[in-house]
Amino acid sequence: TDSDPRVRAYVPEVDGQPQSFGTLDRAWGGDDINVIEAASGNGGITLAIGRKSGLVEMLRPGLTTDISAQASTVGITHLRVADLDDDGLDDLVWGTGSSIGVLHAQAGPPRSLAPVNIDWEGADTDLPAVGDFDGDGDLDILAFDLDGATFRVAWGNGDMTFTVDPTVQFAPQDIVDVAVGDLNEDGVDDVAFIHTGTTGITVVLSDP
């Protein structure tokens, strides 16, 4: 909140083991926190925050120091946490309202976040989503194209390299958020777009 710019984590047990971030009331400090994202996996929970300054930070249970990186020169508006290369470390996908980037977690020492280049072919992109959209076992990144009612997919190769699909898929206009899940239980992730149009929510099923 504006009056209390803190991130609080109330975390239950995971696989019978209590999770802890040092304190239940974890204060990152500052008044420029813009977005927070949490993900469960790799034996614990990862918290990530994005700041209005373009800085992103990550925290894992039991760690006393954060990993941080200056992802952008403008504010971070969207974050996704996922292990993009299946190395046991959670990575970050961030968006600013006009661009998307990827940070690859490095085990170190010291632990760090390294930028990964993805060529979106000049498109202005936002609202990143992460899932396995072709059923090959590697995570892909979907990005909404701000220049029209379309989205693009960067197909993951499992090694932190991505191939952007040259074709542009259909998407509804005025997207405000996206959600990913296997909605038809065929083993491949699908996408639901939340938008301000007359239908409210549009679902796009993957066709691997």
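Remember, it's a predicted structure, so these values are computed and weren't measured experimentally.

*Asks:* Looking at this structure, I do not really get the sheet that holds strand E7 (residues 100-106). What am I missing?
*Replies:* Strand pairs in the sheet, formed through backbone hydrogen bonds, run parallel or antiparallel to each other. The strand order across the open sheet formed by four strands is E5-E6-E7-E8, and the pairing between neighbours is antiparallel. Every interior strand has two partners, whereas the edge strands, strand E5 (78-82) and strand E8 (112-116), have only one. With direction set aside, neighbouring strand axes in the sheet form an average angle of 25°. With five bridges joining them, E7 and E8 adopt antiparallel strand pairing. Along E8, the bridge assignment pairs glutamine 106 with serine 112.

*Asks:* Whenever I open this one, the pattern of salt bridges confuses me. Can you help?
*Replies:* A pair can form between side chains of opposite charge whenever their charged atoms are brought close. All told, the structure shown has four salt bridges when counted by the stated rule. The salt bridge partner of arginine 51 is aspartate 32, with a shortest N-O separation of 2.7 Å. Of this pair, arginine 51 sits in strand E2 (residues 44-51) while aspartate 32 sits in the segment before strand E1 (33-41); the two residues are 19 residues apart in sequence, bridging distant segments of the chain. Considered together, arginine 51 and aspartate 32 belong to a single accessibility category, that of buried residues. A salt bridge links arginine 152 to aspartate 145, with the shortest nitrogen-to-oxygen separation between them at 3.2 Å.

*Asks:* Before we go on, may I ask you to explain a nonpolar patch on the surface in this structure?
*Replies:* There is a patch of nonpolar side chains on the surface, built from Val176, Leu183, Ile194, Ile201, Val203 and Leu205 and spanning about 520 Å² of accessible area. With respect to the helices, strands and loops of the structure, isoleucine 201 is situated in strand E16 (residues 201-204).

*Asks:* How should the sheet that holds strand E4 (residues 67-70) be read in this particular structure?
*Replies:* With antiparallel pairing, the four strands of this open sheet are ordered in space as E1-E2-E3-E4. Sheet topology places E1 and E4 at the edges, where each strand pairs with a single neighbour. Averaged over all pairs of adjacent strands, the angle between strand axes in this sheet comes to 15°, irrespective of strand direction.

*Asks:* Would you mind going over the environment of methionine 58 with me for this structure?
*Replies:* Summarising the element assignment, methionine 58 is placed in strand E3 (residues 55-59). Residue classification places methionine 58 among the buried positions, given a relative accessible area of 5%. In the structure, methionine 58 is positioned 34 residues away from leucine 92 in sequence and 8.8 Å away in space, judged by C-alpha atoms. Discounting residues that sit within four places of it in the chain, methionine 58 has contacts with Thr46, Leu47, Ala48, Asp66, Ile67, Asp90, Leu92 and Leu113.

Conventions we followed
- Residues numbered from 1 in each chain as written.
- Predicted model: local features only at pLDDT ≥ 70, side-chain atom pairs only at ≥ 80, totals over all residues.
- Heavy atoms only, no water.
- Pairing = 2+ DSSP bridges.
- Helix = DSSP H or I, 4+ residues; strand = E, 2+ residues; numbered from the N terminus.
- Axes fitted to C-alpha atoms, helices over the stretch in contact; angles between N-to-C directions.
- Salt bridge = Lys/Arg side-chain N within 4 Å of Asp/Glu carboxyl O.
- Buried < 20%, exposed > 50% of the residue type's maximum accessible area, 1.4 Å probe, protein only.
- Patch = residues over 30% accessible without salt bridge, like charges linked within 9 Å, V, L, I, M, F, W, Y side chains within 5 Å.
- Areas by Shrake-Rupley, 256 points an atom, 1.4 Å probe, with all protein chains shown as cover.
- Contact = heavy atoms within 4.5 Å.

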